[in-house]
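One-letter residues, chain by chain:
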Amino acid sequence: MKILVLHGINLNMFGKRDPAQYGTVTLDEINHKLVAQGQTLGAHVDCFQTNHEGELCERIHQAFHDQVDAVVINAGAWTHYSYGIRDALAILKCPIIEVHMSNIHAREEFRHHSVFADIVKGQICGLGAESYVQGLRAAVDAAQMSA
């Protein structure tokens, strides 16, 4: 089973950016934990981060060609306005799980809306780095159900 984890804009700054909101865990630590958890769940986890919207779309297109079994995505601020990323995700035939470290519904009004909401299988937010772990578990379960 192949699971792709996508990290969007500014998420490479986890551990440095707003620790009160995101904690001190780094993106490398999150990725390491996801790869290890994937092995436990019988899945190969590939992690990708970019600060360039077009690169994220290109990686999603590659996921389509690679026939990944599921996608976990934290697109960062792009979640709230990137119809380009939304359209790229809509091409995928696999389950998509949206995750956020913070509770986007308890933050600024503009963060309450996800342009991906109608195409993702589910959304997990507000649990810090555990949001990713739960998202991976949900992705593996969803992929197994759709197989």
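Residues numbered from 1 in each chain as written. Predicted model: local features only at pLDDT ≥ 70, side-chain atom pairs only at ≥ 80, totals over all residues. Heavy atoms only, no water.

Trainee: So, the overall build of the protein: which residues are in play, and what are the values?
Mentor: Scanning the protein from terminus to terminus reveals five helices and five strands. The secondary structure elements of the protein, listed N-terminal to C-terminal, are β-α-α-β-α-β-α-β-β-α. C-alpha extents for the protein along the principal axes are approximately 40 × 30 × 25 Å. Sorting the 147 residues of the protein into buried and exposed places 46% on the buried side. Taking contacts inside the protein between residues at least 6 apart in sequence as the whole, the part at least 24 apart equals 75%. Surface exposure of the protein reaches about 7,100 Å², of which carbon and sulfur atoms provide 51%. (Helix = DSSP H or I, 4+ residues; strand = E, 2+ residues; numbered from the N terminus. Buried < 20%, exposed > 50% of the residue type's maximum accessible area, 1.4 Å probe, protein only. Contact = heavy atoms within 4.5 Å. Areas by Shrake-Rupley, 256 points an atom, 1.4 Å probe, with all protein chains shown as cover.)

Trainee: Talk me through the sheet that holds strand E2 (residues 44-49); I want residue IDs and the actual numbers.
Mentor: Ordered in space as E2-E1-E3-E4-E5, the five strands form an open sheet in which the pairing is parallel. Each having just a single partner strand, E2 and strand E5 (122-125) make up the two edges of the open sheet. Strand-to-strand twist of the sheet, defined as the mean angle between neighbouring strand axes without regard to direction, takes the value 20 degrees. Pairing analysis gives four bridges linking strand E4 (residues 96-100) to E5, with the strands arranged parallel. Its bridge partner being in E5, glutamate 98 is matched across the sheet by glutamine 123. This element, helix H5 (residues 130-146), spans strand E1 (2-7), E2, strand E3 (70-74), E4 and E5 of the sheet and lies at about 170 degrees to E4. (Pairing = 2+ DSSP bridges. Axes fitted to C-alpha atoms, helices over the stretch in contact; angles between N-to-C directions.)

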